[in-house]
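# Summary of structural features
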Amino acid sequence: MTMENLLQPFTLNDKITLKNKVLMAPLTRCMADDDLVPTQSMADYYARRAETGLIITEATIIRPDGQGYPNTPGIFNEKQIKGWKVVTDAVHQRGGKIFLQLWHTGRVAHPYFFDGDFVLGASAIGIEGTVPRVRELKYTVPKAASLQEIEQLIQDYRQAAANARIAGFDGVEIHGANGYLLDQFLHYSSNVREDEYGQTPENMTRFPLAVVDAVSHEIGAERCGLRLSPGAYFNMEKDPRDRQVFDYLLSELDKRTLAYLHVGIFDDAMTFDYLGGSVSAYMREHSRQTLVGVGGYSAESGSTAIANQQFDLLAIGRPLIANPDYVERVRTGQSLVEYSDVMLATLV
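Residues numbered from 1 in each chain as written. Predicted model: local features only at pLDDT ≥ 70, side-chain atom pairs only at ≥ 80, totals over all residues. Heavy atoms only, no water.

### So, the overall build of the chain
We apply this condition: Strands here are runs of E lasting at least two residues and helices are runs of H or I lasting at least four, both read from the DSSP assignment and numbered beginning at the N terminus. Radius of gyration: over C-alpha atoms. The globule rule applied is 2.2 Å multiplied by the number of residues raised to the 0.38 power. Burial classes: relative accessible area under 20% of the type maximum marks a residue as buried, over 50% as exposed, and values in between as partly exposed (1.4 Å probe, protein chains only). Here, residues are in contact when the closest pair of their heavy atoms is within 4.5 Å. For the area figures, the Shrake-Rupley method with a 1.4 Å probe applies, and any residue is considered shielded solely by the protein chains shown. When charges are counted, Lys and Arg are positive and Asp and Glu negative, with His and the chain ends excluded. Just so you know, the charge point we use is NZ for Lys, CZ for Arg, CG for Asp and CD for Glu.
Scanning the chain from N- to C-terminus turns up 13 helices and 15 strands. For the chain, whose C-alpha radius of gyration is 19 Å, the value lies close to the compact-globule estimate of 20 Å for 348 residues. Taken along the three principal axes of its C-alpha coordinates, the chain extends 55 × 45 × 35 Å. The proportion of buried residues among the 348 residues of the chain is 59%. Of all intrachain contacts in the chain linking residues separated by at least 6 positions in sequence, the fraction that spans at least 24 positions is 71%. Counting only carbon and sulfur atoms, one obtains 48% of the accessible surface of the chain, whose full area is about 13800 Å². Of the charged side chains in the chain, 33 are positive and 44 negative; the average position of the first set lies 4 Å away from that of the second.

Next up, the structure:
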């Protein structure tokens, strides 16, 4: 019965009907060409997964200085928009729905990719390590974004949403999680600002909420999702004070009607003392929004979680790389192809 529930249609805010409750999680694959334009291979890749209720694309940068990994696609020029239109057409021809994930990596960016002098962050606090797939590049210390730069970033998120609409997307998901730019404003370990964007929950949430409002105004709140990481764990240090920031943020988001909130966690079995348990349980308790669960769930365990009202929709990651026909396999009870790291470097 619970598996049947997973495969039932679901409507987002009476606007967008999904044919099942399985979502394709955003999976960075570094598949764009050297101009960050989506390729035909990417169109084929997403079209093969159109039986999922909703595809959330790989994270896509809103402007050049947001790039932190090689060959991640953009949505800031005409060639990229046209490239994405090929993707959305291919998905729609197979009856699928697709949202574009809007991304700026902030201090995780590197000047190497855009021939710049610096990267932007909430504060001038860098992270340790080197850039994945370009290991000779060490991360740099970011420049704290000025008030003028923050205002420009808000407009760039809005323009990226407008570009996504032109490219034929059904909506967008704002990437506000996993230690990237918006998330950097939401955690005390990365935000030590002393202006109207720092120090208090009201100030630290000001920029992310402004982005949500700008994007929602551009394409409609019912077509705007948001991914969040209340638990710091990836490119971010924990701080118990973060709980107050996300308590406030979720209460403010509840004054808006979004398409959904997406749990930003790689493994939902992780627990955080200052959240009182898992990220999904915390978000469920503190938000009335449609919630997308993710992080180590199988179809069976995810179905049970939905039946238990832990979340409303289930995002699947690596198994959808290994099984383009994931939904059909679940529907018919077929076994799944096991994911392997080799698949990260291949198109299937």
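### With respect to the environment of Leu320
Relative to the helices and strands, Leu320 resides in helix H12 (residues 318–322). With 183 residues separating them in the primary sequence, Leu320 and Leu137 have C-alpha atoms 31 Å apart. Ignoring anything within four residues of it in the chain, the contact list for Leu320 reads Leu23, Met24, Arg49, Thr52 and Tyr326.

### Things to note about the packing of aromatic side chains
What counts, and what does not: Paired rings are identified among Phe, Tyr and Trp, the last through its six-membered ring, by centres lying within 6.5 Å, and are further divided according to the angle between planes into stacked (under 30 degrees), edge-to-face (over 60) and tilted (the rest).
Following the criterion strictly, the structure yields 15 aromatic pairs and no others. Ring plane angle 70° and centroid distance 4.9 Å describe the contact between Tyr45 and Tyr46, whose orientation is recorded as edge-to-face. Taking the relative accessible area as the measure of exposure, Tyr45 reaches 2% and is therefore buried. Judged by relative accessible area, Tyr46 falls into the buried class, the value being 1%. Consider the rings of Tyr46 and Trp84, whose centres lie 6.4 Å apart with planes at 45°: the pair is tilted. A residue pair is termed long-range when its members are at least 10 positions apart, and Tyr46 in helix H2 (residues 40–47) and Trp84 in helix H3 (residues 78–93) qualify at 38 residues. Here the two residues Tyr46 and Trp84 agree in accessibility, since each one is buried. Three or more aromatic residues joined by ring pairs form one cluster here, namely Tyr45, Tyr46, Trp84 and Phe169.

### What to know about the nonpolar core
The criterion, for reference: The criterion is simple. A nonpolar core is a set of buried Ala, Val, Leu, Ile, Met, Phe, Trp, Tyr and Cys residues joined through side-chain atoms within 4.5 Å.
Ranked by internal contacts, the top residues of the largest apolar core, which has 102 residues, are Leu102, Tyr157, Phe207, Val215, Leu228 and Leu253. If we skip the residues at most four places from it in the chain, Leu102 touches Thr60, Ile62, Ile75, Tyr157, Ala160, Ala161, Val172, Glu173, Ile174, His175 and Val215. Listed in part, the 17 residues of the second largest apolar core include Ala59, Ile61, Phe113 and Val131.

Fair warning: the whole summary comes from geometry, so function is off the table for now.
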